[in-house]
Amino acid sequence: MKRDDLEQLMFEDSRILWKFRGPEDLDQWLVTSDKEMGGKSEAYLTLSENNTAFFHGVTNIEVPKDGVTRYSGYAAMRSKQRKAAFNRRSQMDLTPFNILNLRVRGDGRSYMITLAPESYFSSQWDDLWCYFFFTRGGPHWQDIQIPFSKFFLTSKGRVQDAQSAVPKDRINTIGITLGDKINGPFELEIDFMGVTMDLTHKEEFAYEQYYQGPRRKRFTKKPLLSTKDW
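Residues numbered from 1 in each chain as written. Predicted model: local features only at pLDDT ≥ 70, side-chain atom pairs only at ≥ 80, totals over all residues. Heavy atoms only, no water.

The chain is annotated in an unreviewed UniProt entry as Complex I intermediate-associated protein 30, mitochondrial of Branchiostoma belcheri. Regarding the chain, the UniProt comment filed under Function (unreviewed entry) reads as follows: "As part of the MCIA complex, involved in the assembly of the mitochondrial complex I." Under the heading Sequence similarities (unreviewed entry), UniProt records this for the chain: "Belongs to the CIA30 family." (UniProt positions renumbered as here; feature names shortened; annotations may be inferred.)

A separate point is unusual backbone geometry. Notably, Phe-86 is not glycine yet its phi reads approximately 60°, a positive angle. By the element assignment, Phe-86 lies in the loop between strand S6 (82–83) and strand S7 (89–90). Phi at Lys-181 is positive, roughly 60°, even though this residue is not glycine. Topologically, Lys-181 is positioned in the loop between strand S14 (171–178) and strand S15 (184–196). What makes Lys-181 exposed here is its relative accessible area of 67%. (Helix = DSSP H or I, 4+ residues; strand = E, 2+ residues; numbered from the N terminus. Buried < 20%, exposed > 50% of the residue type's maximum accessible area, 1.4 Å probe, protein only.)

In this section: the nonpolar core. Grouped together as the largest cluster of nonpolar side chains are 38 residues, with contacts concentrated most on Leu-100, Leu-102, Ile-113, Leu-115, Phe-133, Phe-151 and Ile-176. Considering every element that reaches this core, the biggest residue donor is S15, with five residues. Contact partners of Leu-100, with chain neighbours within four places excluded, come to Leu-17, Ile-113, Ile-144, Gln-145, Ile-146, Phe-148, Phe-151, Met-193, Gly-194 and Val-195. (Core = buried A, V, L, I, M, F, W, Y, C linked by side-chain atoms within 4.5 Å. Contact = heavy atoms within 4.5 Å.)

Before going further, it helps to examine the pattern of salt bridges. Applying the stated criterion across every chain yields a total of nine salt bridges. A salt bridge links Glu-62 to Lys-40; the shortest N-O distance between them is 3.1 Å. A residue pair is termed long-range when its members are at least 10 positions apart, and Glu-62 in the loop between strand S4 (53–59) and strand S5 (75–79) and Lys-40 in the loop between strand S2 (29–33) and strand S3 (42–47) qualify at 22 residues. A relative accessible area of 39% places Glu-62 in the partly exposed class. Lys-40 sits in the partly exposed class, given a relative accessible area of 46%. One salt bridge connects Arg-89 with Glu-118, and the closest N-O pair in it is separated by 3.1 Å. Note that Arg-89 is positioned in strand S7 and Glu-118 in the loop between strand S9 (110–117) and strand S10 (127–134), a separation of 29 residues in sequence. Glu-118 sits in the buried class, given a relative accessible area of 17%. Through salt bridges with shared partners, a single network forms among Arg-21, Arg-103, Asp-143 and Asp-191. (Salt bridge = Lys/Arg side-chain N within 4 Å of Asp/Glu carboxyl O.)

Next comes the structure, spelled out in structure tokens:
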């Protein structure tokens, strides 16, 4: 661990990223669903009577008859891209932490946390690091802790063979997605979202990283002999 990171940990071992207490906190998030591409799901983000974020709506897995869309039935909320001076994109640096914390109260359905990092190449614009959490329903709150080492790489919704750890130093946005292929209403209440440094958690990455080896050289056919070679 670098000296600067160690010094920061001495003064801060946890950080609250979002604490939902008013309309100004909800304004930092965007809500989407498959309704934007012809689906029938609906999603809303409002303030609950407990002054917490209330992510709710209904999912419908009926696929639009447009001849293009193959899957439907999702709803999502995503934090807005942070901006620096001169309207530059600003990233969250979460390198001093290794645990993502959420305090939620759900409906018994499974949700997915997504992390979108800053990408330098256009081929990486659709990369997301994902992991699931499960709500048990009922009136009780759940304190969920997800190690960053558990997040796996996807691109355009597909899990990638070449896995790598989350680039925690350049996170653009964090999101919550519901896409469990179930028709019906959903409700997820969120108190806060934060990060923690747990020194007892030693795992760096949970998944196998396969060595693909160097690329094979292309073999080209040798040119035919000319009359000069006779």
